[in-house]
Amino acid sequence: MALDLSFYKGKRVLITGHTGFKGTWLTKVLVNAGANVIGYSRCSDKEMSLFEMSGIRDKICHIKGDIRDFESLKNVFDKYEPEIVFHLAAQPIVRDSYRMPVYTYETNVMGTVNLLECVRLHPNVKSVLNVTTDKVYQNNEWCWGYREIEPLDGFDPYSNSKSCSELVTHSFKSSFFDGKDVAISTARAGNVIGGGDFANDRIIPDCVRAMVAGKKIEVRNPYSVRPYQHVLEPLIVYLEIVEKQYKERSYQGHYNVGPDECDCLTTGELVDIFCECWGQGAAWVNIEEKCAPHEANFLKLDCGKLKKTFGWKPRWHMRVCMEMVCRFSKVWIEKGNLSEEMDREIDEFLCFNE
C-alpha cells in the first residue's frame, strides 16, 4: 500500500537546513505532497549542490539565513507563520567539528535555542521536529542497540553538540510548552545514504568520487559498524511523527530512527555492496590514517519504540538502497534529469510492497 502524505497538502511548513542533502530530499517530498514550503538555510559555498540540481528552488519560498541569527529567523516566523517546523540546520560532519568546534556548537546548540525561542513566541506553530543523530548517546561500544532512555554524551564536538541540542529541546519543552498547543519531538537517525550527497568525509560520496576519477575507493575505517539506511527512510518517519503529534500531542517524544539488524554493517561490507551494484570493476583499498580524530567503532540503535508506536518497519534494505544510489549517481554523471530521478525514487519508496 502507498503511504499517504495528503495531510501536508496546503500546510505551511518551515524547513531549516533545506539546502542540505536530507533537507533537499525532504523539501522534494513535501512539495510533491502539496505543502507550502518555506526553506531557511545559509548560503552554501559547495561547488556541488543537490538543492541547485533538483530544480526545487522555484517551487518553494527559499530564504538565505543563518540559524545562529535569531532576528533573521524570527522575521521568517513573523512573516510566514509556519504551522509545522522541521529543524535540520546543522554542522553535520564529525571531522569538521574537530576543525571548527566553536562554529559547530554555535550552529547546533544556539541554533536550536534560536529555533525553539521562535516557536515559543509564535503560537501558530503546532508541530516541531528537531532532527539530531544516533551519535548523541554515550557510546560504550556495546554490541546491542541504544535505546532512547540511555545517557546522552556524544564524544566529539559534533556528537556532543547534538547531545546538547537534545537537552535544550527537553528543557524548552518542560519550561515553556508543557500543556500548550504545540508538540515537539526529536529524532535520532542513523547514517543515511542516497543519491546527491556530495559531502566530504562521507563514505558513499567518496565511493562515487572514486568512480568518477577511475580510482579505487579509499576506506579509512572498514571495520566500523554503523546503522545505514536510505535517506527516504528517516524522512518518511519524520513526516509520520510530525503528522501524528500535530493531531495528538501524546505522540511527542524522542525516537530512534534506524535500520533493522541486517543493515547494521561495517563500512567495508557497505562498500562491497556498492562495488557489486556499480560494477565496472569497482574495488576498494584499506588505508590507515595516523593521528586520525576519534570516531566510534561500533554503534547501533534500538528502534523498538518507533516500531511499537507507529507500526513502522524499514522499507528498503541495503541492496535496494545501494541500487538506488548507483542509479542516481549514474544519472548525475550522464547529466540526466535529477529532478525526475528524485521523483521516481520517491514514488517507488512510497508505493513499495514487500
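Anything mentioned here points back to the structure above.
Procedures and definitions
Residues numbered from 1 in each chain as written. Predicted model: local features only at pLDDT ≥ 70, side-chain atom pairs only at ≥ 80, totals over all residues. Heavy atoms only, no water. Helix = DSSP H or I, 4+ residues; strand = E, 2+ residues; numbered from the N terminus. Rg over C-alpha atoms; globule rule 2.2 N^0.38 Å. Buried < 20%, exposed > 50% of the residue type's maximum accessible area, 1.4 Å probe, protein only. Contact = heavy atoms within 4.5 Å. Lys, Arg positive; Asp, Glu negative; His and termini not counted. Salt bridge = Lys/Arg side-chain N within 4 Å of Asp/Glu carboxyl O. Polar contact = N/O pair within 3.5 Å; in protein donor to acceptor, adjacent residues only side chain to side chain. Pairing = 2+ DSSP bridges. Axes fitted to C-alpha atoms, helices over the stretch in contact; angles between N-to-C directions. Expected span 1.5 Å × (residues − 1). Parallel < 35°, antiparallel > 145°, perpendicular 65-115°, else oblique. Left-handed = near helix turned anticlockwise from the far one by under 90°. Nonpolar A, V, L, I, M, F, W, Y, C, P; charged D, E, K, R; others polar.

(A) Broad picture of the overall build of the chain. When you go through the chain residue by residue, the secondary structure sums to twelve helices and twelve strands. Over its C-alpha trace the chain gives a radius of gyration of 19 Å, about what one expects of a compact globule, namely 20 Å for 354 residues. Along the three orthogonal principal directions, the C-alpha set of the chain runs to about 55 × 45 × 40 Å. Expressed as a percentage of its 354 residues, the buried residues of the chain come to 56%. Counted over contacts in the chain with a minimum sequence separation of 6, partners at least 24 positions apart contribute 81%.

(B) Inspection of the side chain of Asp 156 at higher detail. Note on placement: Asp 156 falls in the loop between β5 (127-131) and α6 (157-177). Buried and unpaired, Asp 156 has no salt bridge, with Lys 135 as the nearest side chain of opposite charge at 7.5 Å. A polar side-chain atom of Asp 156 sits 3.1 Å from the main-chain amide nitrogen of Tyr 158. A distance of 2.8 Å separates a polar atom in the side chain of Asp 156 from a polar atom in the side chain of Ser 159. Ignoring sequence-local partners within four residues, the contact set of Asp 156 consists of Val 94, Ser 97 and Tyr 98.

(C) View of the sheet that holds strand β11 (residues 264-266). The mixed open sheet is built from three strands, whose spatial order is β7-β9-β11. Because the sheet does not close on itself, it has two edges, and the strands there are β7 (191-193) and β11. Each strand axis lies, on average, 50° off the axis of its neighbour in the sheet, ignoring direction. Sheet topology note: the strand β9 (residues 225-230)/β11 ladder contains three bridges and is antiparallel. Counted as the bridge partner of Val 225 is Thr 266 from β11. The strands touched by helix α9 (residues 267-278) within the sheet are β9 and β11, with β11 carrying the most contacts at an inclination of about 90°.

(D) Local environment of helix α11 (residues 318-333). Over its 16 residues, α11 runs 22 Å from end to end, which matches the ideal 22 Å to within 8%, given 1.5 Å per residue. For α11, the complete set of buried residues consists of Met 318, Cys 321, Met 322, Met 324, Val 325, Cys 326, Phe 328, Ser 329 and Val 331. Just downstream of α11 lies Lys 335, where phi reads positive at about 60°.

(E) Fine view of the environment of Lys 216. Along the chain, Lys 216 turns up in the loop between α7 (203-213) and β8 (217-219). Along the backbone, Lys 216 and Met 324 are 108 residues apart, and their C-alpha atoms lie at a distance of 21 Å. Aside from chain neighbours lying at most four places away, what touches Lys 216 is Ala 210, Ala 283 and Val 285.

(F) Representation of the environment of Ala 189 within the structure. Checked against the element boundaries, Ala 189 lands in strand β6 (residues 183-189). The spacing of Ala 189 and Tyr 238 is 49 residues in sequence and 9.8 Å in space, taken between C-alpha atoms. Dropping the residues within four chain positions of it, Ala 189 is found in contact with Lys 22, Thr 132, Thr 133, Asp 134, Gln 229, Pro 234, Tyr 238, Val 257 and Leu 301.

(G) Spatial organisation of the sheet that holds β5. Strands sit in the order β3-β2-β1-β4-β5-β6-β10 across an open sheet of seven strands; the sheet is parallel. Taken across any chain shown, the strands that pair with only one partner, and hence form the sheet edges, are β3 (61-64) and β10 (254-257). Across the sheet, the mean angle from the axis of one strand to that of its neighbour is 15°, orientation sign disregarded. Of the strand pairs in this sheet, strand β4 (residues 84-87) and β5 are connected by four bridges, and their pairing is parallel. Note that in β5 the partner of His 87 across the bridge is Asn 130. Sheet contacts for helix α1 (residues 21-32): β1 (12-16), β2 (36-41), β4, β5 and β6; angle to β1, the most-contacted strand, approximately 170°. Where helix α8 (residues 232-247) meets the sheet, it contacts β4, β5, β6 and β10, and its direction lies at approximately 150° from that of β5.

(H) Looking closely at the packing of α7 against α9. With their axes 11 Å apart at the nearest point, α7 and α9 run at an angle of 40° to one another. In terms of axis orientation, α7 runs oblique to α9. When you trace α7 past α9, the crossing you get is right-handed. Residues Ile 203, Ile 204, Cys 207, Val 208 and Met 211 of α7 form the contact with α9, whose own contacting residues are Thr 267, Leu 270, Val 271, Phe 274 and Trp 278. In terms of residue class, the contact of α7 with α9 is made up of nine nonpolar, one polar and no charged.

(I) View of the environment of Pro 82. With respect to the element layout, Pro 82 can be found in the loop between α3 (70-80) and β4. Taking relative accessible area as the criterion, Pro 82 reaches 1% and is therefore assigned buried. It is 9.4 Å that separates the C-alpha atoms of Pro 82 and Val 119, two residues lying 37 residues apart in sequence. Residue contacts for Pro 82: discarding those within four places in its chain leaves Arg 12, Leu 14, Phe 77, Asn 124 and Val 125.

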